[in-house]
Amino acid sequence: MYTVIILILLFFAIRFIYFGAKKNRKTNIITGGAILALTALFFWFMTFWGDKLWFDSLGFGQRFWIEILTKAGLIVAGLAVAGLLVYALTTTIDRRNAFFRYLGLAIALLFGGIWGHSNWEVILTFFNSVDSGITEPVLNQDASFYMFILPFYKELVTFIIVVLIISIAAMLLSLYSQDNQQGEVTIEEMNYQGVKIGRSLVIAGSLFFIALGLQKFLARYDLLFSDWGAVNGPGWTDVHVRLPGYTISAIITLVIGLVFFLPAIRRKLLKYFQRFKMQHYNLVPSVFGSLFGIILLVWLLFIVIIPGAFQGLVVEPNEISKEKPYINNNIQLTRQAFDLGNIEERQYPMDQEFTRQTVEENQSVFSNVRLWDWSALLQVYDQFQEIRLYYEFEDVDIDRYTFDDKYQQVMVSAREMELNNLPDNSQTFVNRRFKYTHGYGITMSMVNEFTQNGLPNMLVKDIPPESKHPELEVKRPEIYYGEATRTHVIANSATEEFDYPSGEKNVYTEYEGTGGVQLSNTWRKFLYGWKFDGTKFFFSGYPDKDSRLMFNRQISQRIEKVAPFLEFDRDPYTVLADGKLYWIIDAYTSSRSFPYSEPFNSREVIDYREGDMDRQLVNNVASHLHGVNYLRNSVKVVVNAYSGDIDYYVYNEDDPIIQVWNQIFPEVLKDKSEMPESLRSHVRYPIDKLLVQGLMYAKYHMTDPTVFYNQEDLWVRATEKYHNTIKPVDPYYIMWEQPGSDKPEFTLML
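The paragraphs below set out a description of the structure included in this document. Note that the structure is predicted; figures quoted are calculated from it, not measured.

1. Looking at the overall build of the chain
Check the secondary structure of the chain and you find 22 helices and 25 strands. Counting only C-alpha atoms, the chain reaches 105 × 80 × 50 Å along its principal axes. Burial status across the chain gives 51% buried among its 750 residues. Intrachain contacts of the chain at a sequence separation of at least 6 include 70% that bridge at least 24 residues.

2. Comments concerning the sheet that holds strand β9 (residues 489-491)
Across the sheet, which stays open at both edges, the 3 strands sit in the order β9-β13-β12 with antiparallel pairing between neighbours. Bordering the open sheet on either side are β9 and β12 (517-518), each of which pairs with just one other strand. Pairing analysis gives 2 bridges linking β12 to strand β13 (residues 548-550), with the strands arranged antiparallel. The residue of β13 that forms the bridge with Val517 is Leu549.

3. Let's talk about the pairing of strand β18 (residues 613-620)
Looking at chain direction, strand β17 (residues 603-610) and β18 are connected through 8 bridges and run antiparallel. Paired with Glu610 across the two strands is Met613, which belongs to β18. Where β17 folds back onto β18 in an antiparallel hairpin, the turn is made up of 2 residues, including Gly611, whose phi is positive at roughly 70°.

4. Points about helix α18 (residues 555-562)
Buried residues of α18: Ile555, Arg558, Ile559 and Val562, and no others. Looking straight down α18, one finds that the buried residues subtend no more than 85° of arc, so they occupy a single side. Where the residues of α18 are buried, they touch α2 (26-58), α3 (61-89), β14 (567-568), β16 (580-591), β19 (630-640) and β20 (646-650). Between a side-chain oxygen at the N-terminus of α18 and the backbone nitrogen of Ser556 the separation is 3.0 Å; the capping residue is Gln554.

5. A few points about unusual backbone geometry
Residue Pro464 follows Ile463 across a cis peptide bond; omega there is -10°. Of note in the backbone geometry, Asp339 takes a positive phi value of approximately 60° without being a glycine. In this structure, Tyr596 is a non-glycine residue whose phi angle is positive, near 70°. By the secondary structure assignment, Tyr596 is in the loop between β16 and β17. In this structure Tyr596 comes out as buried when scored by relative accessible area, which is 0%.

6. Brief notes about the environment of Phe225
As for its position among the elements, Phe225 is in the loop between α7 (187-222) and α8 (236-261). Look at Phe225 and you get partly exposed, because its relative accessible area is 23%. Separated by 512 residues in sequence, Phe225 and Glu737 have C-alpha atoms that sit 42 Å apart.

7. Description of the packing of aromatic side chains
Per the counting criterion, the structure on display carries 65 aromatic pairs. The ring of Tyr221 carries Arg220 above its face, with NZ or CZ at 5.5 Å from the centroid. Of note, Lys561 hangs over the ring of Trp54, and the distance from its end group to the ring centre comes to 6.0 Å.

8. Notes on a nonpolar patch on the surface
A cluster of nonpolar side chains, namely Leu38, Leu41, Phe42, Trp44, Phe45 and Trp523, defines an oily patch on the protein surface of about 600 Å² accessible area. With 5 residues, α2 is the single largest residue contributor to the nonpolar patch. Examined against the element boundaries, Phe45 turns out to sit in helix α2.

9. Considerations on the packing of helix α1 (residues 2-22) against α2
Relative to each other, α1 and α2 sit at 160°, their axes nearing to 6 Å. As far as their axial angle goes, α2 and α1 are roughly antiparallel. Classified by chirality, the crossing of α2 by α1 is left-handed. Facing α1, whose interface residues are Tyr2, Ile5, Ile6, Leu9, Leu10, Phe12, Ala13, Phe16, Ile17, Gly20 and Ala21, α2 presents Asn28, Ile29, Thr31, Gly32, Gly33, Ile35, Leu36, Thr39 and Phe43.

10. Quick word on the pattern of salt bridges
The tally for this structure, following the rule as stated, stands at 21 salt bridges. Here Asp222 makes a salt bridge to Lys154, at a shortest N to O gap of 3.0 Å. Separated by 68 residues along the polypeptide, Asp222 in helix α7 and Lys154 in helix α6 (residues 143-177) bring together distant segments of the chain. Residue Lys154 is classed as partly exposed on the basis of its relative accessible area of 34%.

11. As for the side chain of Asn640
Turning to its location among the elements, Asn640 is positioned in strand β19. Among the polar contacts made by the side chain of Asn640, one reaches the main-chain amide nitrogen of Ser643 at a distance of 3.1 Å. When residues no more than four places from it in sequence are discounted, the contact partners of Asn640 are Tyr481, Leu581, Tyr582 and Asp645.

12. Some words on the packing of helix α5 (residues 120-127) against α6
Running from amino to carboxyl end, α5 crosses α6 at an angle of 130°, the nearest separation of the two axes being 8 Å. In terms of their interaxial angle, α5 and α6 are classed as oblique. The element α5 and its partner α6 pack so that their crossing is left-handed. Where α5 approaches α6, its residues Val122, Ile123, Thr125 and Phe126 are matched on the opposing element by Phe148, Ile149, Pro151, Phe152, Tyr153 and Glu155.

13. Comments concerning the nonpolar core
Core analysis: the biggest nonpolar cluster contains 182 residues, and Val637 and Tyr648 have the highest contact counts within it. Ranked by residues supplied to this core, first place goes to α6 with 18 residues. Other than its neighbours up to four places away in sequence, Val637 contacts Ile559, Phe568, Trp583, Ile584, Ile585, Ala587, Ile646, Asp647 and Tyr648. The next biggest cluster of nonpolar side chains, apart from the first, holds 10 residues, and it includes Leu419, Leu422, Tyr436 and Phe498.

14. A look at helix α4 (residues 98-118)
Working note: α-helix, 3.6 residues per turn, so residues spaced by three or four point in the same direction. With 21 residues, α4 extends 30 Å between its outermost C-alpha atoms, agreeing within 8% with the 30 Å of an ideal straight helix rising 1.5 Å per residue. When α4 is considered as a whole, its buried residues turn out to be Ala98, Phe100, Arg101, Gly104, Leu105, Ala108, Phe111, Gly112, Gly113, Trp115 and Gly116. Lining the buried residues of α4 we find α3, α5 and α6.

15. Points about a positive patch on the surface
Together, Arg15, Lys22, Lys23 and Arg25 give the surface a local cluster of positive charge. Relative to the helices and strands, Arg25 resides in the loop between α1 and α2. Overall, Arg25 belongs to the partly exposed group, its relative accessible area being 44%.

16. Brief notes about the environment of Pro464
Structurally, the position occupied by Pro464 is in the loop between β6 (456-461) and β7 (466-467). For Pro464, a relative accessible area of 37% translates into the label partly exposed. Between the C-alpha atoms of Pro464 and Tyr440, which are 24 residues apart in sequence, the distance is 7.9 Å. Residues within four places of Pro464 in sequence aside, it is in contact with Tyr440 and Tyr500.

17. Considerations on the environment of Ser249
Secondary-structure assignment places Ser249 in helix α8. The spacing of Ser249 and Ile658 is 409 residues in sequence and 37 Å in space, taken between C-alpha atoms.

Thresholds applied
- Residues numbered from 1 in each chain as written.
- Predicted model: local features only at pLDDT ≥ 70, side-chain atom pairs only at ≥ 80, totals over all residues.
- Heavy atoms only, no water.
- Helix = DSSP H or I, 4+ residues; strand = E, 2+ residues; numbered from the N terminus.
- Buried < 20%, exposed > 50% of the residue type's maximum accessible area, 1.4 Å probe, protein only.
- Contact = heavy atoms within 4.5 Å.
- Pairing = 2+ DSSP bridges.
- Arc of directions from axis to C-beta.
- Polar contact = N/O pair within 3.5 Å; in protein donor to acceptor, adjacent residues only side chain to side chain.
- Phe/Tyr/Trp six-rings, centres within 6.5 Å; stacked < 30°, edge-to-face > 60°.
- Lys NZ or Arg CZ within 6 Å of the ring centre and 35° of its normal.
- Patch = residues over 30% accessible without salt bridge, like charges linked within 9 Å, V, L, I, M, F, W, Y side chains within 5 Å.
- Areas by Shrake-Rupley, 256 points an atom, 1.4 Å probe, with all protein chains shown as cover.
- Salt bridge = Lys/Arg side-chain N within 4 Å of Asp/Glu carboxyl O.
- Axes fitted to C-alpha atoms, helices over the stretch in contact; angles between N-to-C directions.
- Parallel < 35°, antiparallel > 145°, perpendicular 65-115°, else oblique.
- Left-handed = near helix turned anticlockwise from the far one by under 90°.
- Core = buried A, V, L, I, M, F, W, Y, C linked by side-chain atoms within 4.5 Å.
- Expected span 1.5 Å × (residues − 1).
- Lys, Arg positive; Asp, Glu negative; His and termini not counted.
- Charge placed at Lys NZ, Arg CZ, Asp CG, Glu CD.

Shown next, in the form of structure tokens:
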């Protein structure tokens with residue numbers, strides 16, 4: 001149906017345009033163009049409004065409009081500024097060459113719109129920036145300057161430079177296109193046009209040189225991320241040679257811009273070029289090109305050649321003595337960037353004696369020693385607890401619960417619906433959208449207990465869930481939102497939803513929650529028909545005014561759509577709290593612009609020996625965080641598995657990045673004190689963070705610059721043999737009592 005509507009509208013639009021062009025009727029052409037534009041606008045609006053309704057259903061309507069209105073405002077601003085600049089600078093282009101003017105104007109408008117749309121985050125963080133309290137020692141700027149302020153300045157200068165390049169290119173193309181019009185344009189006319197265009201070219205060229213000078217001035221701050229020295233960040237050459245070089249280059253470039261603009265000096269340059277018997281229309285472009293060439297030579301000399309000579313002849317022969325203070329700067333700021341400064345190194349001497357008394361004094365530890373491997377347990381769950389082929393366990397999570405007056409470590413997995421596992425004859429539109437809408441319940445077992453048959457000791461099992469302890473009762477087992485839930489469904493329709501199998505029969509249910517977008521009218525049904533299943537959806541009699549369309553149900557995609565400014569841990573975990581099922585996902589704030597900090601390299605190389613052979617193990621670790629040089633686990637995200645509601649709880653209010661985003665989107669983030677205690681007791685240290693910190697600390701535990709330079713005490717992650725394969729030891733959760741404490745703690749160990 002939607003395709004037919006589009007084709008009909010296109011037919012009428014093309015018909016109006018065709019007959020309008022044939023009969024030279026502008027009204028018809030305008031009408032046809034309007035139909036095309038309105039058709040595109042209408043179908044774009046349906047997609048846009050569908051997203052708006054989704055954000056509203058989650059209570060994030062304000063967050064949606066902040067982004068949309070910011071983008072819209074910046075697109076308009078980018079279009080206006082770029083268009084006006086090019087329009088003003090190209091007014092001297094002759095009408096016969098108006099094509100180049102309008103081409104430049106079109107390119108500038110396109111660029112301005114794209115620039116505004118793509119830089120909304122940069123501009124919002126600039127206007128909401130806060131101080132970090134950390135100052136780098138070279139240019140004495142707060143770290144927030146590099147994370148929030150400098151990116152905006154650089155983008156703004158780049159915008160100006162690109163617009164000026166478009167203007168200059170349009171003028172030069174219009175000028176020299178006349179040279180190809182043989183017999184149509186005389187030399188006198190070309191010289192006349194050259195003088196006219198030359199005036200605009202002088203203004204544009206001067207502004208271009210000034211903008212380049214500003215760009216080189218800002219490039220001084222980029223030295224805080226230099227890789228010329230022994231470590232990341234400015235070294236001896238950067239501070240003593242390249243920094244002055246950038247300053248000199250910026251000043252010379254600015255002076256050249258002023259020289260090109262001042263009539264008295266420019267006339268002398270023009271007279272000099274007249275010695276070469278140039279035509280007048282070539283004089284200004286020649287002066288512009290020559291000055292630009294001088295600028296490039298200055299840059300080459302002061303930014304590349306001279307610093308390279310100092311690096312090779314002065315620094316490298318005396319590297320450790322020259323670079324020592326700068327290595328220390330890198331160590332200190334990298335440790336701050338990855339939150340390594342609070343790490344406390346302790347040695348726990350091993351007692352060689354292991355007696356019954358040792359066990360009795362550490363019952364809480366020994367009763368929680370994990371004997372089940374998660375991958376082996378997953379296979380057991382798949383075999384004995386999937387119940388039906390259309391259920392699936394995505395992975396096994398490790399958590400801790402208090403039951404039977406004991407604090408116990410457990411392993412838990414959610415039973416999700418996998419529609420692709422339905423039999424072929426059941427893969428119908430009705431089944432996939434209205435019947436099989438949700439997973440059901442969890443499976444939970446002890447980490448260290450087996451039955452007589454060698455199976456895990458189940459604490460929660462079967463369908464409907466049976467719990468051994470009242471504290472583990474599952475009152476709301478339906479899982480509409482999960483890790484493996486990637487399709488959209490409609491709940492509360494005219495047909496009953498499948499709830500769970502009961503022997504040879506099935507039990508059916510109706511959704512009682514508020515998840516999804518309510519299909520309260522025909523417009524919404526028409527809108528989401530376009531977005532999803534087309535005619536089938538719109539003409540289906542199953543959805544009614546109380547039906548709820550659930551989409552974006554995969555939890556990682558769901559939370560990222562609301563908070564794209566966060567990075568997310570790869571291991572969401574299921575939590576049973578107050579009889580309901582939730583997902584908790586750790587979220588990170590990160591930056592690639594923290595001064596002097598070493599970027600995280602996700603490529604891990606481990607050399608090991610196997611028998612008489614030297615081998616090398618290459619491993620990718622937390623690849624989604626590759627390149628970040630600042631990381632904080634500032635947010636814990638909670639998703640209700642039944643309603644899909646999302647809560648973002650701030651767990652590090654001192655993090656400047658989360659402070660900035662909290663000012664931008666005040667309704668999204670909540671204080672950690674608002675998290676219910678039943679959920680707070682399941683918060684844990686995230687695996688990806690420990691991996692990143694562990695790999696960084698393997699190098700940055702060395703705080704002496706000389707030791708660091710020689711890499712004398714570089715740590716390497718331990719390896720293990722797992723199913724005949726050598727692999728690095730992954731972080732694992734244990735219950736542990738610190739010496740001097742009698743309270744077990746849920747600890748992540750690497």
